[in-house]
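Coordinates in review
Listed below, chain by chain, are the residues.
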Amino acid sequence: MNYKEFAKQILAIVGGEDNIKSLVHCSTRLRFTLHNEDKIDPSKAKANSKILSDVMKGGQYQLVIGNDVDKVFNELTKMIKTNNTPHDNNKDQKKQSIVNKILSAITGSIAPVIPLLAGAGMGKVLLIVLTMLGWLDKSDQTYYILNFIFNTAFYFMPVFIGFSAAKIFNCNQYLAAMVCLAMVSPEWTSLVKAGEPVEFMHIPVALVKYSSQLIPALITVWMMSYIERFIVRIVPEMVKVFMVPLLVILVSTPIALIAVGPVTSWFAQLIADGVILIQEHTGFIAIPLLVAIYPWLVSIGMHKALSPVSIMLVEQKGFDPIIRVMALCSNMSQAAASLAVSVRTKNKTLKQLAFSASITAFFGGITEPAMYGVNLKLKKPMYACMIGGAIAGLFAGIVKLKAFVYVTPGLLSLPMWISDTDNQVVNAIITLLIASVATFIATLIIGFDDPTDDPIRDEEENNKQAASTNKKPQIANSKLPVGLISPLQGKTVALSEVNDETFASGIMGPGMAIIPTTGKVIAPADGVVDITFSSGHAIGLTLVNNIEMLIHVGIDTVNLAGQHFTCCVVKGQKVTKGDTLIEFDLDAIIAAGYDPTTMIIITNDDNKLDVVQTDKKHVDQNTVLLTVG
């Protein structure tokens, strides 16, 4: 794979380098926070065979890449410069619901830190295994040094989380790290250990141990971001270089120690106790139910929102009895379903892909290739995953299976089920065997529609085939100017006056806009459909004399996700002047709060076409709107 070229394709999908506010990645996904989500071109994502899926969730646009995500990420970081200044709050983020904002902050802050915690966690498990085998003794200095090296990742976890969160909350990352470091400094730790009452300006300070804690750091940096923005506004320019960081530290750190830290620490402890209570009393019911829905959480990228709970449980209680257990059952189920598909299918391409994806899932616990490349595409194997995973979850709940390290469950990470005082490896192996066997059998019983053709063929290839049947329409071309009738009935508006900077600037090409009075779009001349959108809000055409046109109904209407729109044609279809292209419910779109102004753009103006606009203020579908020559 040419990662540099692939990175360029991704930039085109997300609206270019300047549209990227921040970018992180997890084990298989690129996670973008964008300035303007309307600039996303999902059709390009779906047409790219190297992208398994695209998801918009939690305020992030996520592209599922697979195992090569880190290589693609490295190429992207060479090409982009993200703006993280404190004032950089865009309008699109303000449109997000409070739930999306919270999930976006959690996943964006945690995702970059997870590989570090997983690596250090496996290092700690390695030490346990080495001592169990008698290859290393706890009294050895080698053991001591390796132990404190691996413990460092967890002890200073608030600092890593704070540094990462500062990027999400648009504040100074180094100030955020400093405030979080103060919460785990040796001096503070000594005060906590001593247990003597502490006051700051006669205000009692709760003695809380913040090392290895996640939520206090996250909320502290969020609080600090507002303090910093306020201080930046009021401090004179000539003294900002030292006065801003001084005041941020002086204000943020005491507030964190006096109020934010104790409250959030108590809340985190409450969550941890609640999870343990559920596991102790209803685990055999709760875990199977949660496992059944877990694949769907993964499919939309929401499983990462559970990571803080899992990390918190491991650090506070020493084990995670639910989240990692769910992941184990689900991961093995995805692997087994994909393996069953590879065994049963007669399609050579699918057989190869399914087998490869199942091996990746079994050994590494990376399920996205199996899920997006095989199981979700075929649909029925996902139901088998739910069944097999739930059966395994029932056993895991009964034996009260526990993970002692936060890492992705798979065969290679089996040591995650071992601690100094407990060994759950046998139960973990039984659980993964149940999940694998039950799902494999369920997949064979439920079956799937085995494609005679290649089901994994990407949308781009399908479109090429569709176009090949209607390669170029036999359109009557001439050297004379062409009159294009108005695709809609309504009031004409100059492009420069529309409430969308992209169209108003003319960067897309010349044309006109119409405020429609009816909900019907027709072909302005004979031609062929070049592109359609799943949202139904826009269409691309090649018309007589090779004139290329984009008709875009409404502003931001892509957010309706197809609601109130019906596309009446398909890509590659020939159309005749006056044929219906799109029907839409005009009243419903307006009631939903969207501007129905429709842009009609000549997109191949680089050919220096002469485009003459009508001077009529009102047009119908018999009026010549544009004359192009």
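Residues numbered from 1 in each chain as written. Predicted model: local features only at pLDDT ≥ 70, side-chain atom pairs only at ≥ 80, totals over all residues. Heavy atoms only, no water.

An unreviewed UniProt entry lists the chain under the name PTS system, IIabc component, from Proteus mirabilis. Under the UniProt heading Subcellular location (unreviewed entry), the note attached to the chain is "Cell membrane". (UniProt positions renumbered as here; feature names shortened; annotations may be inferred.)

So, about the overall build of the chain. Counting secondary structure elements, the chain contains 21 helices and 20 strands. When each of the 629 residues of the chain is scored for burial, the buried share is 52%. For the chain, the accessible area works out to roughly 28,700 Å², and carbon and sulfur atoms hold 60% of it. (Helix = DSSP H or I, 4+ residues; strand = E, 2+ residues; numbered from the N terminus. Buried < 20%, exposed > 50% of the residue type's maximum accessible area, 1.4 Å probe, protein only. Areas by Shrake-Rupley, 256 points an atom, 1.4 Å probe, with all protein chains shown as cover.)

By the bridge criterion, three bridges tie strand E10 (residues 520-522) to strand E16 (residues 580-584) in an arrangement that is antiparallel. What sits directly across from Lys520, in E16, is Glu583. Of the strand pairs in this sheet, strand E14 (residues 565-567) and E16 are connected by three bridges, and their pairing is antiparallel. Of the residues in E16, the one forming a bridge with Cys567 is Ile582. (Pairing = 2+ DSSP bridges.)

To continue, consider the nonpolar core. Ile161 and Val221 are the most contacted members of the largest nonpolar core, which totals 48 residues. Tallying contributions element by element places helix H11 (residues 215-234) first for this core, with eight residues. Setting aside its immediate chain neighbours within four residues, Val221 contacts Gly162, Ala165, Ala166, Phe169, Cys171, Ala176 and Cys180. Formed by 45 residues, the second largest nonpolar core is a distinct cluster that contains Val275, Leu313, Cys329 and Leu414. (Core = buried A, V, L, I, M, F, W, Y, C linked by side-chain atoms within 4.5 Å. Contact = heavy atoms within 4.5 Å.)

Under the local residue numbering, the UniProt record ascribes the feature "transmembrane region" (unreviewed entry) to residues 103-136, 142-163, 214-232, 244-263, 283-302, 353-371, 383-405 and 425-448. In residues 142-163, the share of helix is 95% and the share of strand is 0%. The end C-alpha atoms are 31 Å apart.

Once that is clear, we can look at the pattern of salt bridges. Throughout the structure, instances matching the rule amount to seven salt bridges. Note that Glu368 is salt-bridged to Arg29, the shortest N-O span being 3.4 Å. Note that Glu368 is positioned in helix H16 (residues 368-378) and Arg29 in strand E2 (residues 29-34), a separation of 339 residues in sequence. Using a relative accessible area of 0% as the deciding quantity, one classes Arg29 as buried. For Asp420, the salt bridge goes to Lys138, with nearest N and O atoms at 3.7 Å. Taken together, the positions of Asp420 in the loop between helix H17 (380-399) and helix H18 (425-446) and Lys138 in the loop between helix H6 (114-132) and helix H7 (141-155) put the pair 282 residues apart, joining distant regions of the chain. We classify Lys138 as partly exposed; its relative accessible area is 48%. (Salt bridge = Lys/Arg side-chain N within 4 Å of Asp/Glu carboxyl O.)

Let us now look at the sheet that holds strand E8 (residues 490-493). Pairing in this open sheet of eight strands is antiparallel, and the strands run E15-E11-E12-E13-E17-E9-E8-E19 from one edge to the other. With one partner strand each, in any of the chains shown, strand E15 (574-575) and strand E19 (618-619) form the two edges of the open sheet. Relative to strand E17 (residues 595-602), strand E9 (residues 511-516) is paired through four bridges, and the arrangement is antiparallel. Residue pairing across strands places Met512 opposite Ile600, the latter belonging to E17.

Take H17 next. End to end, H17 covers 30 Å across 20 residues, agreeing with the expected 28 Å (1.5 Å per residue, within 8%). Residues of H17 that are buried include every one of Pro381, Met382, Ala384, Cys385, Gly388, Gly389, Ala390, Ala392, Gly393, Phe395, Ala396 and Gly397, and no others. Count one or two residues on from H17 and you reach Lys400, which has phi positive near 55 degrees. (Expected span 1.5 Å × (residues − 1).)

Turning our eyes to something else, we now look at the environment of Ile51. Structurally, the position occupied by Ile51 is in the loop between helix H2 (42-47) and strand E3 (53-57). Residue class for Ile51 comes out buried when judged on its relative accessible area of 7%. The contacts of Ile51, once residues within four sequence positions are left out, are Phe6, Ile13, Ala45, Leu63, Val64 and Ile65.

Take helix H14 (residues 323-344) next. With 22 residues, H14 should reach 32 Å at 1.5 Å per residue; the first-to-last C-alpha distance of 32 Å fits that figure. In terms of burial, H14 is a largely internal element, 19 of the 22 residues being buried.

Inspection of the secondary structure assignment puts Pro596 in strand E17. Pro596 sits 40 residues away from Asp556 along the chain, and the two C-alpha atoms are 9.2 Å apart. Once residues within four sequence positions are removed from consideration, Pro596 is found in contact with Ile514, Pro516, Gly554, Leu586 and Ile590.

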